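A structural walkthrough
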Amino acid sequence: IDSLLAAYGAAFAAAKQARGGLDYDDLQLRARDLLTAEPAIADRLRDRFQSIMVDEFQDTNPVQLQLLDLLGEHRFVVGD
């Protein structure tokens, strides 16, 4: 099963790359990586927005939590 999942993951990544596509995880990871690598961008966003509302918040998603931490402390979240 591990080799099948690894092959699927590699094929999926190659298909996204070939089409210039991103999935939801890619969007979160790239946003987090950008804000980590470029603190000035994170600072500008924190200055621009007084607070952030997150719909469908997932407290079990560590990348989402990291991204929100980079954007500031004032947040309003709605989960299911």
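Residues numbered from 1 in each chain as written. Predicted model: local features only at pLDDT ≥ 70, side-chain atom pairs only at ≥ 80, totals over all residues. Heavy atoms only, no water.

**Examining the overall build of the protein**
Under the convention used in this document: Helix numbers and strand numbers start at the N terminus; a helix is a DSSP run of H or I with at least 4 residues, a strand a run of E with at least 2. Note that the radius of gyration is over C-alpha atoms, with the globule rule given as 2.2 Å times the number of residues to the power 0.38. Exposure is judged per residue with a 1.4 Å probe applied to protein chains only, and the accessible area is read against the type maximum: over 50% gives exposed, under 20% gives buried, and values in between give partly exposed. By the convention used here, residues are in contact when the closest approach between their heavy atoms is within 4.5 Å. Residues scored as positive are Lys and Arg, those scored as negative are Asp and Glu, and His as well as the terminal groups of each chain are ignored. Here the site of a charge means NZ on Lys, CZ on Arg, CG on Asp, or CD on Glu.
Across its full length, the protein holds four helices and two strands. Taking 2.2 N^0.38 as the reference for a compact globule, 80 residues should give roughly 12 Å; the C-alpha atoms of the protein span a radius of gyration of 16 Å, well beyond that estimate. Considered along the principal axes of its C-alpha atoms, the protein spans approximately 45 × 30 × 20 Å. Here the protein holds 80 residues, and 18% of them are scored as buried. Long-range contacts, defined as pairs at least 24 residues apart, comprise 43% of the intrachain contacts of the protein with a sequence gap of at least 6. Between the mean site of the 8 positive side-chain charges and the mean site of the 14 negative ones, the protein shows a separation of 8 Å.

**Here we look at the environment of Ile 41**
If you trace the backbone, Ile 41 turns up in helix 3 (residues 39–48). Taking C-alpha positions, Ile 41 is 16 Å from Leu 29, a pair spaced 12 residues apart along the chain. For Ile 41, the residues in contact, after removing those within four places along its chain, are Leu 34 and Leu 35.

**Structural notes on the packing of aromatic side chains**
Let me state the cut-off plainly: Between 30 and 60 degrees the pair is tilted, below 30 it is stacked and above 60 it is edge-to-face, where a pair is any two Phe, Tyr or Trp rings, Trp via its six-membered ring, whose centres lie within 6.5 Å.
A full pass over the atoms with the stated rule returns one aromatic pair. Taking the centre distance of 6.0 Å and the plane angle of 5 degrees together, the rings of Tyr 8 and Phe 12 count as stacked. Here the residue Tyr 8 and the residue Phe 12 both occupy positions in helix 1 (residues 2–19), the gap between them amounting to four residues, near one helical turn. Accessibility expressed as a relative area gives 35% for Phe 12, which makes it partly exposed.

**Structural notes on the pattern of salt bridges**
As a reminder of what qualifies: The working definition used for a salt bridge is a side-chain nitrogen of Lys or Arg within 4 Å of a carboxyl oxygen of Asp or Glu.
Scanning the model with the defined rule gives five salt bridges in all. Of the charged contacts in the structure, one is a salt bridge between Asp 23 and Lys 16, with a shortest N-O distance of 3.3 Å. Between Asp 69 and Arg 75 there is a salt bridge, and its shortest N-O distance comes to 3.0 Å. When its relative accessible area of 52% is taken as the criterion, Asp 69 is described as exposed. Classification of Arg 75 as partly exposed rests on a relative accessible area of 31%. When salt bridges with common partners are traced through the structure, they connect Lys 16, Asp 23 and Asp 26 into a single cluster.

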